[in-house]
Amino acid sequence: MTDTFIDPRNSQQFRFVRNTFADGVAELVYAFDDGPELVERVTFPGAPAVPPEREAALAAALRLLHLVAGVSYYKAGIPAGIVVEGQPLDEPTARLLDALYLHGLAEFAYRNRLDLRGRIAFPFKRHATVPATAAGLPPRSLLPIGGGKDSVVAVEAVKSIGADATATWVGNSPLIAECAARTGLPTLNISRELAPGLFELNRLGAWNGHIPVTAINSVILAVAAILYGYDSIVFANERSASVATLEYDGQEVNHQWSKGFGFEKSLHDYLHTHVAADLDYCSLLRPWSELAVTSAFARLGAEYFNVFSSCNRNFRILGPKPADRWCGQCPKCHFVFLALAPFMAKPRLLSIFGRNLLDDDALAGAFDALLEYKDHKPFECVGEGAEARAALAALAERPEWREDALVARFRTEILPQLQPDELGLEPWLKPGASHLVPQRLLGALDALG
Ligand SMILES: CC(=O)N[C@H]1[C@@H](OP(=O)(O)OP(=O)(O)OC[C@H]2O[C@@H](n3ccc(=O)[nH]c3=O)[C@H](O)[C@@H]2O)O[C@H](CO)[C@@H](O)[C@@H]1O[C@H](C)C(=O)N[C@@H](C)C(=O)N[C@@H](CCC(=O)O)C(=O)O
Ligand SMILES: Nc1ncnc2c1ncn2[C@@H]1O[C@H](COP(=O)(O)OP(=O)(O)OP(=O)(O)O)[C@@H](O)[C@H]1O
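Per-chain numbering applies: the sequence of each chain, read as written, is numbered from 1 onward. Going through the entries in the order they are written, you letter the chains from A and number the ligands from 1. In keeping with the model being predicted, local features are shown solely for residues with a pLDDT of at least 70 and side-chain atom pairs are shown and tallied solely at 80 or more, while totals for entire chains, interfaces and linings include all residues. Side-chain measures here rest on the full set of heavy atoms in the structure, leaving out hydrogens and waters.

A closer look at the site of ligand 2
Put simply, the rule is: Throughout, the term near means that a residue has one or more heavy atoms lying within 4 Å of the molecule or strand in question. Under this definition, polar contacts are N or O atom pairs within 3.5 Å; protein pairs additionally need one hydrogen-donor-capable and one acceptor-capable atom, and for neighbouring residues in sequence, both atoms have to be side-chain atoms. Residue-level accessible areas treat just the shown protein chains as cover; the underlying method is Shrake-Rupley with a 1.4 Å probe. To qualify as a helix, a DSSP run of H or I must reach at least 4 residues; to qualify as a strand, a run of E must reach at least 2; elements of each kind are numbered from the N terminus. Under this grouping Gly is polar, as are all residues other than the nonpolar Ala, Val, Leu, Ile, Met, Phe, Trp, Tyr, Cys and Pro and the charged Asp, Glu, Lys and Arg. Domain extents, as shown, originate in an automatic or database domain assignment.
Near ligand 2 you find 19 residues, and of these P144, S151, K259, S310 and K332 are the closest. Taking A236, its main chain carries an N or O atom lying 2.8 Å from an oxygen atom of ligand 2. The side chain of K332 places a nitrogen or oxygen atom 2.7 Å from an oxygen atom of ligand 2. Expressed as a share of its isolated accessible area of 580 Å², the protein-covered part of ligand 2 is 92%. At the level of secondary structure, the elements contributing two or more residues to the shell around ligand 2 comprise α5 (149-160) and β6 (165-170). Ranked by residue count, the leading element in the shell around ligand 2 is α5, at three residues. Considering only residue class, the shell around ligand 2 consists of eight nonpolar, seven polar and four charged. Two domains share the shell around ligand 2, each providing at least three of its residues, namely domain 1 (8-286) and domain 2 (290-429).

Okay, structure coming up:
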């Protein structure tokens, strides 16, 4: 092993070296060729010793975490070779990872003009895997909190049926901590420290870009569920997250790929067969569009209006964070402002954002992209173009909004080009059929209807 980093774009192999777990700290170790080790640490506070019937599940969840979290490091070099030290993977594990790395890095590949098709192939040995058994997990849920409207809506729905649940988040965001405290639920904060070597590799000119962070958070929560004893992990990923940002050269690029239903179903099934038969993974908001979620948030979220934020710039590890909770400049701020506007009193919305984003001519291009007018949807966690158009069409009819610069522009320039029967708000408020919410929590799903 050498001790100096070189540009990983010249490497031949990405190696999953080992993972260890002691005193509540998981160490996930990677390397390019025989270069320095990259060590990510995830700390589970006050982790108890697991009972014997959960040991196999914990080992399987930690191994999966090692494999999934590797995507942050693999992307730095994308070498042709992938080596997994230790016990060979079985075919279903390799397939899960192939899909995650290919689709979860699709935006990264598109923006760096790379083609990862045919390049990512996790090695596996064909052998029969003994299916995971039940780990004796008690009936309580981990509710991930992201600081924004989606998790608030899911939390309030779960609270409404009195289910036993813990508000959980990964990382050290004070904003998320404040939202979690506001839920009134018990809380669990898991720390995650990326390998410092990744930033050194970035300085050396490594490939860089977006990664499927929800997949990583999901598997961190799977480890937590086994460790602390929870039978379900209940995310707040809406239906709209499954819709691609753009398509090119016969493939879809979805900024939110690991928030989509395809990944949810794959991980749900994998956890049952390979980790613990009694561990459920689902998204409570899966049947709902972004507009249905903002409508529910306007109804259920008043307690959070002065603490929540959907602006992802708050959650940077390195880059500058906004002075206020909403930067007002990113697509996420623009979309959430627009999606809340039909459901919230205008003065309330302006007090949350500090200004009227729809009365700012300079933002015309930004809102056009949200509408998929002259541009594709931005690479951000935003709803479908059609729901953005429905929201603006609704505002165009409201006296308090219709004269604001961008609403007036929409009325005169864009609306005449659209089909009136495709602009209704109501269809967006109806649930879709697909979800994986377990029986015990179905009442929470009903609470949103
Ligand atoms: C907060 C954020 O949006 N960050 C994205 C941004 O990174 P930036 O350089 O501006 O800041 P940092 O977050 O401090 O990242 C520093 C470097 O570390 C890499 N990195 C970070 C976390 C991680 O888990 N793995 C990593 O490798 C990162 O690449 C930087 O080099 O731009 C980056 C490049 O496009 C994005 O990768 C950063 O995104 C974060 C991983 C992140 O947490 N983003 C979520 C807010 C996010 O995008 N969520 C999506 C869900 C996507 C999914 O499929 O799960 C969403 O809400 O739609
Ligand atoms: N740091 C985190 N730790 C654990 N879960 C997270 C974290 N960040 C986001 N999540 C979860 O990932 C899912 C997607 O995040 P997303 O940012 O869309 O949700 P949100 O912050 O609740 O709402 P918004 O769309 O308003 O930002 C949600 O279930 C959220 O709780």
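A closer look at the pairing of strand β5 (residues 141-144)
Worth spelling out the cut-off: For each residue, the accessible area found with a 1.4 Å probe, counting protein chains only, is set against the maximum for its type, and the residue is called buried under 20%, exposed over 50%, and partly exposed in between. Strand pairing is assigned whenever DSSP identifies at least 2 bridges connecting the two strands. A clockwise path from the first strand over the helix to the second, with the strands pointing away from the viewer, defines a right-handed crossover.
Of the two faces of β5, the one holding S141 and L143 and the one holding L142 and P144 are both buried throughout. Sheet topology places β5 next to β6; four bridges connect them, and they run parallel. The partner of L143 across the bridge, within β6, is A167. Once the chain exits β5 it traverses α5 before rejoining the sheet at β6, and the crossover so formed is right-handed.

Notes on the site of ligand 1
Around ligand 1 sit 26 residues, and of these N208, T214, S258, I317 and L318 come closest. At 2.8 Å, a side-chain N or O of R192 approaches an oxygen atom of ligand 1. One of the backbone nitrogen or oxygen atoms of L318 is found 2.8 Å away from an oxygen atom of ligand 1. For the shell around ligand 1, the secondary structure elements donating two or more residues are α2 (71-77), α7 (196-203) and α8 (213-228). Considering only residue class, the shell around ligand 1 consists of eleven nonpolar, eleven polar and four charged. When residues of the shell around ligand 1 are assigned to domains, at least three fall in each of domain 1 (8-286) and domain 2 (290-429).

A look at the packing of aromatic side chains
Filter applied, for reference: Two rings belonging to Phe, Tyr or Trp (six-membered ring only in the last case) form a pair when the distance between their centres is within 6.5 Å. Interplanar angles under 30 degrees mark stacking, angles over 60 mark edge-to-face geometry, and anything in between is tilted. Throughout this description, the term charge over a ring refers to an Arg CZ or Lys NZ atom that lies within 6 Å of the ring centre and within 35 degrees of the ring normal.
All chains considered together, the criterion is met by 20 aromatic pairs. Both rings, one in Y101 and one in F122, keep their centres 4.9 Å apart while their planes meet at 70 degrees; by these two values the pair is edge-to-face. With Y101 in helix α3 (residues 91-104) and F122 in the loop between α4 (106-111) and β5, this residue pair connects regions lying 21 residues apart in the sequence. For the pair shown, Y101 and F122 are each scored as buried. Joined through ring pairs, the aromatic side chains of F14, F16, Y30, F32, Y73, Y74, Y101 and F122 make up one cluster. Lying over the aromatic face of Y230, R140 brings its terminal NZ or CZ to 3.9 Å of the ring centre. Sitting over the ring of W401, K346 keeps its end group 4.6 Å from the ring centre.

Details of the pairing of strand β2 (residues 25-32)
On a regular strand, one side chain projects to one face of the sheet and the next to the other, so that they alternate. Across the eight residues of β2, six count as buried, placing the element largely inside the fold. Where strand β1 (residues 13-22) folds back onto β2 in an antiparallel hairpin, the turn is made up of two residues, including D23, whose phi is positive at roughly 50 degrees. Bridge analysis of β2 against strand β3 (residues 38-43) gives six bridges, and the strand direction is antiparallel. Note that in β3 the partner of E27 across the bridge is R41. What sits between β2 and β3 in their antiparallel hairpin is a turn of five residues, with D33 showing a positive phi close to 45 degrees.

Structural notes on the sheet that holds strand β7 (residues 187-193)
Quick reminder of the rule: In this description, a line fitted to the C-alpha atoms serves as the axis of each element, helices being fitted only across the stretch in contact, and the angle between N-to-C directions of two axes falls anywhere from 0 to 180 degrees. Note on contacts: a residue pair qualifies if any of its non-hydrogen atoms lie within 4.5 Å across the two residues.
If you walk across this open sheet you meet the nine strands as β4-β1-β2-β3-β7-β6-β5-β8-β11, and the pairing is mixed. Each edge of the open sheet carries a strand with a single partner, namely β4 (81-84) and β11 (280-283). In this sheet, neighbouring strand axes are inclined to one another by 20 degrees on average, regardless of whether the strands run parallel or antiparallel. With respect to the sheet, α7 is in contact with β2, β3 and β7, its orientation differing from that of β3 by roughly 140 degrees.

Remarks on the UniProt feature "domain: MurL N-terminal" (unreviewed entry) in the protein chain
Here is the rule we go by: UniProt positions are given in the numbering used here, feature names are shortened, and annotations may be inferred rather than shown by experiment.
Taking the UniProt record as the reference, the feature "domain: MurL N-terminal" (unreviewed entry) is found at residues 8-284. In residues 8-284, helix accounts for 37% and strand for 21%; the two terminal C-alpha atoms are 39 Å from one another.

Considerations on helix α1 (residues 55-69)
As a reminder, the rule being used: Helix span, as expected, comes to 1.5 Å for every residue beyond the first.
An ideal rise of 1.5 Å per residue puts 21 Å on 15 residues; α1 measures up with 21 Å between its terminal C-alpha atoms. The complete set of buried residues in α1 reads A57, L58, A61, L62, L64, L65, H66, L67, V68 and A69.

Overview of empty space enclosed by the protein
Gaps left between atoms are located by rolling a probe of water-molecule size over the structure's atoms. Let me state the cut-off plainly: Detection works on a 1 Å grid of protein atoms alone, calling trapped sets that fit a 1.4 Å probe cavities and calling open sets with protein on both sides within 12 Å along at least five of seven lines pockets, with lining residues defined by an atom within 4 Å of a point. Grid points are joined across faces, edges and corners, and a volume is the space filled by probe spheres set on the points.
Considering all chains together, one arrives at five cavities of 30 Å³ or more under this definition. Estimated volume of the largest cavity: approximately 60 Å³. If you trace the largest cavity, you find it lined by L102, A106, A109, L114, D115, L116, R117, Y248 and Q251. Its residues placed into classes, the lining of the largest cavity shows six nonpolar, one polar and two charged.

Here we look at the pattern of salt bridges
Counted only if it meets this: Each reported salt bridge corresponds to a side-chain nitrogen of Lys or Arg within 4 Å of a carboxyl oxygen of Asp or Glu.
On inspection of all chains with the given rule, the structure shows 25 salt bridges. Residue E264 pairs with R286 through a salt bridge whose shortest N-O separation is 2.7 Å. Linking E264 in helix α9 (residues 261-275) with R286 in the loop between β11 and α10 (290-300), this pair joins segments that are 22 residues apart in sequence. In terms of burial, E264 and R286 fall into one category: buried.

Let's talk about the domain arrangement of the protein chain
Note the following rule: What gets called buried area is simply the loss in accessible area from a 1.4 Å probe that two parts show on being joined, summed for both.
Taken domain by domain, the protein chain consists of domain 1 (8-286) and domain 2 (290-429). For domain 1 and domain 2, the distance between their C-alpha centroids amounts to 30 Å. Across the boundary between the two partners, domain 1 contributes 34 residues, which contact 32 residues of domain 2. Here domain 1 packs against domain 2, burying approximately 2,700 Å² in sum over the two surfaces, 68% of which is carbon and sulfur. For the interface between domain 1 and domain 2, the tally reads one salt bridge. A salt bridge links E290 to K149; the nearest nitrogen and oxygen atoms lie 3.1 Å apart. Counting across the interface, domain 1 meets domain 2 through nine residue pairs in polar contact (both at pLDDT 80 or more). Elements with a minimum of two residues in the side of domain 1 that touches domain 2: α4, α5 and α6 (174-182). Ranked by the residues each element gives to the side of domain 1 that touches domain 2, the list is headed by α5, at seven residues. Along the lines of polarity and charge, the residues of the side of domain 1 that touches domain 2 split into 14 nonpolar, nine polar and eleven charged.

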